[in-house]
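In case you want the letters, here they are:
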Amino acid sequence: MNNIASMPASPPAEAARLPARHYLNEAHTLRSWFLTTDHKRIALLFLASITVFFLIAGVAALLMRLELLTPEGDLVQAETYNRLFTLHGVLMVWFFLIPSIPTVLGNFAIPMMLGARDLAFPRLNLISWYLFVGGGTLTLYSLIKGGVDTGWTFYTPYSTLYSNSAVLSTVAGVFVSGFSSILTGLNFIVTIHTLRARGLTWFRLPLFIWSMYATSLILVLATPVLAITLLLLAMERFFGFGFFDPRLGGDPLLFQHLFWFYSHPAVYIMILPGMGVVSELVAAFSRRRVFGYKVVAFSSLAIAVYGFLVWGHHMFVAGQSPYAGLVFSALSYLVAIPSAIKVFNWTATLYKGDISLDTPMLYALGFIGLFTIGGLTGLFLAALGLDVHLTDTYFVVAHFHFIMVGGMVMGYLGGIHYWWPKISGRLYTEWMGRFSAITAFVGFNLTFLPQFLAGYLGMPRRYWAYAPEYQVLNVMSTLGASILGVAYAFPLIYLTWSFWKGQVAGPNPWEATGLEWRTPSPPPTHNFETPPRVTGEAYERSHAARGEA
Amino acid sequence: MAVNSKEGLSPAGIALIGIVLLALLALTIAIARFHWGAWNLILAMAIATVKLILIALYFMRLRYSGRTLWVFAAAGFFWLLILVGLSLSDYLTRRGPY
Ligand SMILES: [Cu+2]
C-alpha cells in the first residue's frame, strides 16, 4: 500500500478555463431555472430543496440529542419530543434520503453517463420537482405548525383514532411527493432503455446506472402501495371506513403489512443508489475495473427483488402469526447474499489497485465499513428470538442509522464530491473535503456505536427521558452528533464557495472513465457537442485515455 | 426500438369499453344485493378481473404495445401477488382469538 497518492488527482497542468457557454450561464433569469427542462438544472433545484429538508431534520436530531444529554426530560416536553422525532423521521426518509441520490446525482449524471442529451421525458422531470416541493412544503408546514406525534411510520390505530395531531395533512404531503418518486423512477427506466449511446450495451453500462435502474424499479413498484396505504389511512381517519380498526371489522396489522411492503424496499431505494456511487468511486480511485462487474450489476437487481420479500421482519412482535415470522426471518437472511457480494467485490477491486485517497474515495471507504456494520447488525434483528429482546430499543436505531446515515449519506456526499467538478466546473479545496469525510466518519461512529450498547442493555427508543445508567452512552452519542453536525455543515460552506471561486477543474480532474467526463465541465446544455460512441467496456482505462477529447 | 405504436381504439371504441365497464359495475352492485355466501366474493372478483383486463388492454393500450411493456405490466401483477401472497402467510396461519 505504498503507492497511495497524497496529492489530489492531477490538476490540469496549464491553467484550465471554463468553457465559454455551458448549462449554468446559458440563461440567468428565474424563469430559465423554474421552467427549465434541462436535467442538470433540475438536479440543482433538487439539490437545493433536499438540502433545506436535510438541515431542518438535522436540527430536530440535534435537539433530541440535547434532550438526551441528561436522563431527566428537562429540555423539551414529552409531547414536543414525540413531534421532534416524527419531524426528523418523516423529513429525512421521504424528503432527503429517498430523493437524494436519484434526483440529484441520478438526474445530473444518468443522461451524461448514457451519452444522451437529456432524460426521456424532460418536462415530466420538472413536474416531478414541483410535486416534490409541493408535497414537501405541505408536510413541512404540518409538522411544524401542527406537529405530528405518530413517528414516521404512522402506525394505526394510533394515527387514525387517538393522535390529536396534524396526521392528515402530513400524510397528504407524503402522498403527493410519492408521485414525484414514481415519475422519476419511470423517467429513469425509459431513459436507460431507450437513450443509450451507440455501442453502449447493457453490460457496458456503468454500475451506477445498474443500481439506478434497480432503484427505479422499486420506486415504480412500491411507491403506489404507499400511496394506497396512506389513502386508506386518511379514509379511516376522516370518514370512519373500517380498514384497520378492529371495532369496524378492520385489522391493525394490515396497515403494517401494507406500510412495510413499501417501506422495507424503500430502505433499498435509499441504499442501492449509494452502492452505485461507491462502485463508481472505487473504480475511479483504484484505477481498475470493478471486480466481477456482472455479478455486481445483477446483485443490484437481486437486492431490489429480495427487498420485497422480507417486510414482515418489522412485525415479529406485533402479533403476526409465528409461521409468517419464520418465513420472513428466513427470507431476510437472503438479502445478506447480494449485499455481501458487493462488499467483497469492492474490496477485491482495491486489491493491487492504484489507490488515491481523494475526498470521494474517503467517503466511499467510510461507506463500505459502516454499511458492513449496519448490514451485519441487521442479521441480529432478522433472528426471531433475538429480535424479541432488541425490538424498539436503541439497537434498532443504531442499526438503521448505520445503513442510512453511515451508508447512504456517506455515499451521497462521496458522489457530490466526485461529480462536483462536473456540476460546477470547479474544484473544492481538497484538504477541506478530506477533513469533512474523516470527521463525518469519527462523529458518526461516536454517535451510533454507543447506541448499539444502550439498546442491547435495554434502553427503549422514542422516550424523552431514560434510566440514569444509560447516561454515559448517551453523552457520548450527543458529543458524536455535534461532531457529525460540523462534518455536514462544513461541505455546505466550502462547496458553495467553490461553486463561484474554486480552481477551474477541466473536463476530467479524476482521470475517470465514464462518458460524463468526456465533455467540458460544466457541460453544455445538450451535454455533448457530438453524440459519443462507446467501443470499450465500462471502466476500461486504455479506452478512457483514447476517448479523451 | 419501437416500444409503442401509435394506433389504438377509435373514440367510439373507447366509449364502448367505457360503457361495458359501467355495465359491469352495475352488475357488481346488483349481485351484492343477493346473499349467496362465498359465491358473492367469487363473482365480484371475477367481474373485477374482467374489468381489469379491459382497462389494461385498451385504456392502458397494452394490446397495442411492444413486448417490453408487456413484461413491465406482468411484473406489476407479479408484485401484487407477492403482496397478497406473503400477507396471507400471516392471515391464514393465525391461531387464537384474533
Ligand atoms: Cu426492513
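Because the structure is predicted, anything quoted here is derived from the model rather than measured.

Asks: Mind showing me how you'd approach the overall build of chain A here?
Replies: If you tally the helices and strands in chain A, you get 17 helices and 2 strands. A compact globule built from 549 residues would reach a C-alpha radius of gyration of about 24 Å, and chain A, at 23 Å, matches this within 12%. In terms of principal-axis extent, the alpha carbons of chain A reach across some 70 × 50 × 45 Å. Of all intrachain contacts in chain A linking residues separated by at least 6 positions in sequence, the fraction that spans at least 24 positions is 83%.

Asks: When you look at the packing of aromatic side chains in this model, what are you seeing that I'm missing?
Replies: Each pair of aromatic rings is reported with the distance of its centres and the angle of its planes. All names here are of chain A. Under the criterion given, the structure shown has 53 aromatic pairs over all chains. Relative to Phe-490, the ring of Phe-435 lies with its centre 5.8 Å away and its plane at 90°, an arrangement referred to as edge-to-face. Placement of the pair is Phe-435 in helix H15 (residues 430–456) and Phe-490 in helix H16 (residues 471–501), with a sequence separation of 55 residues. Taking the relative accessible area as the measure of exposure, Phe-435 reaches 42% and is therefore partly exposed. Looking at Lys-294, its charged tip hangs above the ring of Phe-203, at a distance of 4.3 Å from the centre.

Asks: When you look at the side chain of Arg-426 of chain A in this model, what are you seeing that I'm missing?
Replies: Tracing the backbone shows Arg-426 of chain A in strand S1 (residues 426–427). Buried Arg-426 of chain A, no salt bridge; nearest opposite-charge side chain is Glu-430 of chain A, N-O distance 15 Å.

Asks: Just checking my understanding: could you explain the nonpolar core for this structure?
Replies: Among the nonpolar cores identified, the biggest contains 174 residues, and Trp-94, Phe-208, Tyr-412 and Trp-419 of chain A are the most heavily contacted of them. Here Trp-419 of chain A is in contact with Leu-105, Ala-109, Met-113, Phe-208, Val-277, Glu-280, Glu-516 and Trp-517 of chain A, once residues within four sequence places are set aside. Counting residues in hydrophobic clusters, the runner-up holds 8 residues, among them Leu-21, Leu-54, Tyr-58 and Tyr-64 of chain B.

Asks: Before we go on, may I ask you to explain the packing of helix H8 (residues 252–286) of chain A against helix H9 (residues 293–306) of chain A in this structure?
Replies: Residues and elements named next belong to chain A. H9 packs onto H8 with a crossing angle of 175° between their chain directions and a minimal axis gap of 11 Å. As judged from the angle between their axes, H8 and H9 are roughly antiparallel. Note on element contacts: H9 touches H8 through Val-296, Ser-300, Ile-303 and Ala-304, opposite Tyr-268, Leu-272, Met-275 and Ser-279. Looking at the contact of H8 with H9 residue by residue, the classes come out as 6 nonpolar, 2 polar and no charged.

Asks: Looking at this model, I keep getting lost on the domain arrangement of chain B. Mind explaining?
Replies: Interface size is commonly expressed as the accessible surface area that is lost when the partners come together. Residues and elements named next belong to chain B. Segmenting chain B into domains produces domain 1 (1–65) and domain 2 (66–98). Counting the contacts that link domain 1 with domain 2 gives 1 residue pair in polar contact (both at pLDDT 80 or more). Each residue belonging to the side of domain 1 that touches domain 2 can be placed in one class, and the counts come to 6 nonpolar, 2 polar and 1 charged.

Asks: Honestly, the coordination of the copper ion in this entry has me stumped. Any pointers?
Replies: Residues and elements named next belong to chain A. Summarising the metal site, the copper ion is bound by the protein donors His-264 (ND1), His-313 (NE2) and His-314 (NE2), whose distances to it range over 1.8 to 2.0 Å. Donor residues binding the copper ion come from one chain and are separated in sequence as H-x48-H-H. With a gap of 50 residues between them, His-264 in helix H8 and His-314 in the loop between H9 and helix H10 (322–334) connect regions that are remote in the sequence. By relative accessible area, which is 7% here, His-264 ends up buried. By relative accessible area, which is 31% here, His-314 ends up partly exposed.

Asks: Honestly, the interface of chain B and chain A in this entry has me stumped. Any pointers?
Replies: Taken residue by residue, the interface counts 16 residues in chain B and 24 residues in chain A. Taking both sides of the interface into account, the surface hidden between chain B and chain A amounts to around 1600 Å²; carbon and sulfur atoms contribute 75%. Per-residue buried area on chain B facing chain A is highest for Trp-79, Leu-83 and Leu-86 of chain B; these three make up 36% of the total on that side. Taken together, chain B and chain A are joined by 1 salt bridge. In this structure, Asp-251 of chain A and Arg-94 of chain B form a salt bridge, with 3.4 Å as the shortest nitrogen-oxygen distance. Linking chain B with chain A are 6 residue pairs in polar contact (both at pLDDT 80 or more), by the criterion used here.

Asks: Teacher, can you tell me more about the confidence of the model for chain A here?
Replies: All names here are of chain A. Taken as a whole, chain A shows an average pLDDT of 91; of its residues, 96% reach a score of 70 or greater. Note that pLDDT drops below 50 for residues 1–14; the model gives that stretch 24 contacts with residues more than four away or on any other chain. Across residues 543–549, confidence stays below pLDDT 50; counting only partners more than four residues off in sequence or on other chains, it has 10 contacts.

Asks: Help me understand helix H2 (residues 39–67) of chain A in this model?
Replies: Residues three or four positions apart in an α-helix share a direction because the helix packs 3.6 residues into each turn. Counted at 1.5 Å a residue, the expected span for H2 of chain A with its 29 residues is 42 Å, and the 42 Å between its end C-alpha atoms agrees. Among the residues of H2 of chain A, the N-terminal cap falls to Asp-38 of chain A, whose side-chain oxygen and the backbone nitrogen of Lys-40 of chain A are separated by 2.9 Å.

Asks: Which parts of the structure should I look at to understand the pattern of salt bridges?
Replies: Residues and elements named next belong to chain A. The tally for this structure, following the rule as stated, stands at 9 salt bridges over all chains. As a salt-bridge pair, Lys-40 and Asp-38 come within 3.1 Å of each other at their nearest N and O atoms. Side by side, Lys-40 and Asp-38 carry an identical accessibility label, which is buried. Its salt-bridge partner being Glu-79, residue Arg-83 comes within 3.0 Å of it at the nearest N-O pair. Residue Arg-83 and its partner Glu-79 are both found in helix H3 (residues 78–114); the two are separated by 4 residues, about one turn of the helix. Judged by its relative accessible area of 26%, Arg-83 is partly exposed.

Asks: Would you explain a nonpolar patch on the surface in this entry?
Replies: Residues and elements named next belong to chain B. Residues Leu-52, Ile-53, Phe-77, Leu-80, Val-84, Leu-88 and Leu-92 make up a contiguous nonpolar surface patch of about 630 Å² in total accessible area. Broken down by secondary-structure element, the contributors of at least two residues to the nonpolar patch are helix H2 (38–59) and helix H3 (67–91). Take the nonpolar patch: its biggest share by element is 4 residues, from H3. Residue position: Leu-92 is located in the segment after H3. Judged by its relative accessible area of 65%, Leu-92 falls in the exposed class.

The rules behind the values
- Residues numbered from 1 in each chain as written.
- Chains lettered and ligands numbered in written order.
- Predicted model: local features only at pLDDT ≥ 70, side-chain atom pairs only at ≥ 80, totals over all residues.
- Heavy atoms only, no water.
- Helix = DSSP H or I, 4+ residues; strand = E, 2+ residues; numbered from the N terminus.
- Rg over C-alpha atoms; globule rule 2.2 N^0.38 Å.
- Contact = heavy atoms within 4.5 Å.
- Phe/Tyr/Trp six-rings, centres within 6.5 Å; stacked < 30°, edge-to-face > 60°.
- Buried < 20%, exposed > 50% of the residue type's maximum accessible area, 1.4 Å probe, protein only.
- Lys NZ or Arg CZ within 6 Å of the ring centre and 35° of its normal.
- Lys, Arg positive; Asp, Glu negative; His and termini not counted.
- Salt bridge = Lys/Arg side-chain N within 4 Å of Asp/Glu carboxyl O.
- Core = buried A, V, L, I, M, F, W, Y, C linked by side-chain atoms within 4.5 Å.
- Axes fitted to C-alpha atoms, helices over the stretch in contact; angles between N-to-C directions.
- Parallel < 35°, antiparallel > 145°, perpendicular 65-115°, else oblique.
- Nonpolar A, V, L, I, M, F, W, Y, C, P; charged D, E, K, R; others polar.
- Domains from an automatic or database assignment.
- Polar contact = N/O pair within 3.5 Å; in protein donor to acceptor, adjacent residues only side chain to side chain.
- Donors = N, O, S within 2.8 Å, 3.2 Å for Na, K, Ca; no water.
- Buried area = accessible area lost by both parts, 1.4 Å probe.
- pLDDT = per-residue confidence, 0-100.
- Expected span 1.5 Å × (residues − 1).
- Patch = residues over 30% accessible without salt bridge, like charges linked within 9 Å, V, L, I, M, F, W, Y side chains within 5 Å.
- Areas by Shrake-Rupley, 256 points an atom, 1.4 Å probe, with all protein chains shown as cover.

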